[in-house]
Amino acid sequence: MSSDTPGGPGAHPDHATLDEGAAQDLLRGICFKTGPPRIVGVELEWFIHDQENPAVPVSQERLDSAVAALRELPLSAALTFEPGGQLELSSQPAGSLMECITTTAADLAAVRASLGRDGLAPVGLGVDPWQTPHRRLREPRYDAMEAALDRAGPSGRAMMCTSASVQVCLDAGEEEPGPLGYGRRWQLTHLLGAVLVAAFANSPFRQGRPTGWKSTRQSLWADLDPVRTLAPGSGLPPREAWAAHVLDTTVMCVRSEEGPWDVPEGLTFREWIRTGAPRPPVRADLDYHITTLFPPVRPRGHLELRMIDAQSGADGWLVPLAVVTALYDDPEAAETVYRTVKPLAESAGSAAAPRNPLWTTAAREGLADPELRAAATVCFDTALTALDRMGADKAVQDTVAAFNDRYVARGRCPADDLLESGVLTDPIRPTGSIGSTDGPHTGRVTSA
């Protein structure tokens, strides 16, 4: 056995020095793993608020105690925490939409009950409407991330510590062209993504005040870095476009086993390979570099859709999961939605998402924009029909239909409820419930 063979006594391939050609080959090989769409997953981020006084920060001691209890739960999903203390549940890959929903719902019920015993609640909003950015996790990764993002302004810290999302993960698609082909799905994501931003916009407040955006979270992501949050430029096939984007984006940090991580300025990964300074990069560095890129859709073998605000209510999270899965994985729905959103390319223009007019309008106006509302109407109607074909149970279909009736059919999004409810008229003493999408305002935060 060769000393360089995986599992052998020699160097592990993750620690072998990369050259430019090898890096390009790796990226083209790992970013889009093709085959018939079968697997679905979801990553859910939640703020942890006091049930009675959501505007008051939860103390570190109290949060630590709650986290310790959560870590004892027998969850199916991976449990992690974001820099500002946001809880994240990352489901295991599921063989069907219903499997994903069922296992995730069970995990959430356990999390909700555990937090409730401490008087806390998981709350789904795109941006924490009260708190200023305060980093609770002190790790070299987040120290370096904060230092790197601070160069572009305050949006990086706000994103790290006060934002939350629903991320839907789907197979990349088939190698062949057609409605389920990976090329079509990749193109679809950057047009449909704006519709999803608008329909699920749920973050109109920041630090107790309205921001003028329906999705303040999306505005923060668009603002935090000149390149890191962009989709790859058009004009190249998806694999080549993503490989070039990865190599030509600046390195956020150079990891080390001891001491703080180096935060170089203006060093792209391609330049790092060519110069070999401050040390030659290896495969593990490339893998890590990919995790520091934050485009609206990140290809990681599968497609990771990252543009959706966290959703309020006990089952708000399953609506974007169900809608996105139906529109991508049902062939008839995929063809319909592609024809529906393709004309949006004219509004998007030549700039990359999310920094083009289409995405900016989606984040600022939600479904008040007539073009986005018309597209969303077709998309939700199509998704509801597809969910029936896919075997989604009545409860899931009814939940999606209720969201459609309450918001999409009326040209509204969840942010509109928050803006009209008076829930944040007093940032110290909230007057309504922001954790729930239904029921009377109670002056309390209803758990997610």
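Quick notes on the rules
Residues numbered from 1 in each chain as written. Predicted model: local features only at pLDDT ≥ 70, side-chain atom pairs only at ≥ 80, totals over all residues. Heavy atoms only, no water. Helix = DSSP H or I, 4+ residues; strand = E, 2+ residues; numbered from the N terminus. Rg over C-alpha atoms; globule rule 2.2 N^0.38 Å. Buried < 20%, exposed > 50% of the residue type's maximum accessible area, 1.4 Å probe, protein only. Contact = heavy atoms within 4.5 Å. Lys, Arg positive; Asp, Glu negative; His and termini not counted. Charge placed at Lys NZ, Arg CZ, Asp CG, Glu CD. pLDDT = per-residue confidence, 0-100. Arc of directions from axis to C-beta. Polar contact = N/O pair within 3.5 Å; in protein donor to acceptor, adjacent residues only side chain to side chain. Axes fitted to C-alpha atoms, helices over the stretch in contact; angles between N-to-C directions. Parallel < 35°, antiparallel > 145°, perpendicular 65-115°, else oblique. Left-handed = near helix turned anticlockwise from the far one by under 90°. Nonpolar A, V, L, I, M, F, W, Y, C, P; charged D, E, K, R; others polar. Pairing = 2+ DSSP bridges. Expected span 1.5 Å × (residues − 1).

Another aspect to go through is the overall build of the protein chain. A tally of helices and strands in the protein chain yields 17 helices and nine strands. Taken over C-alpha atoms, the radius of gyration comes to 22 Å for the protein chain, in line with the 22 Å a tight globule of 448 residues would show. In terms of its C-alpha atoms, the protein chain occupies a principal-axis envelope of roughly 65 × 50 × 40 Å. Split into buried and exposed, the 448 residues of the protein chain put 57% on the buried side. Long-range pairs, those at least 24 residues apart, make up 74% of the contacts in the protein chain with a sequence separation of at least 6. Averaging the positions of the 41 positive and the 58 negative side-chain charges in the protein chain gives two centres separated by 3 Å.

Confidence along the protein chain averages 91 in pLDDT terms, with 91% of residues attaining 70 or more. Scored below 50 in pLDDT, residues 1–13 makes eight contacts in the model with residues more than four places away or belonging to other chains.

This brings us to helix α1 (residues 20–30). For α1, the complete set of buried residues consists of E20, A23 and L27. Projection of α1 onto a plane perpendicular to its axis shows the buried side chains occupying an angular sector of 60°, all on one side. Check the buried side of α1 and you find it contacts α8 (238–248), α9 (269–275) and α10 (283–291). The backbone nitrogen of G21 lies 3.2 Å from a side-chain oxygen of the residue at the head of α1, namely D19.

A277 connects to P278 through a cis peptide bond whose omega is 10°. Inspection of the secondary structure assignment puts P278 in the loop between α9 and α10. Of note, Q207 is a non-glycine position whose phi angle comes to about 50°, a positive value. Relative to the helices and strands, Q207 is located in the loop between β6 (205–206) and β7 (209–210).

It is at 11 Å that the axes of α1 and α10 come closest, and there the two elements cross at 50°. Accordingly, the angle class assigned to the pair α1 and α10 is oblique. Taken as a pair, α1 and α10 cross one another with a handedness that is right-handed. On α10, the residues that touch A23, L26, L27 and I30 of α1 are R283, L286, D287 and I290. The residue inventory of the contact of α1 with α10, partitioned by class, reads six nonpolar, no polar and two charged.

For strand β5 (residues 165–171), a buried count of seven out of seven residues is recorded, marking the element as mostly surrounded by other parts of the structure. In this structure, β5 lies alongside strand β9 (residues 302–309), joined through six bridges in antiparallel fashion. Looking at the pairing, V168 lines up with L305 of β9.

The first and last C-alpha atoms of helix α16 (residues 394–406) sit 18 Å apart over 13 residues, in line with the 18 Å expected at 1.5 Å per residue. Of the residues that open α16, the one with a side-chain oxygen 3.2 Å from the backbone nitrogen of A395 is D393.

Another aspect to go through is the pairing of strand β1 (residues 40–50). Across the 11 residues that make up β1, a large majority, 11, are buried. In β1, alternate side chains face the same way, and those of V40, V42, L44, W46, I48 and D50 on one face and G41, E43, E45, F47 and H49 on the other are all buried. When β1 meets β5, the two strands line up antiparallel, connected through five bridges. Looking at the pairing, G41 lines up with C169 of β5. Sheet topology places β1 next to strand β3 (residues 87–90); four bridges connect them, and they run antiparallel.

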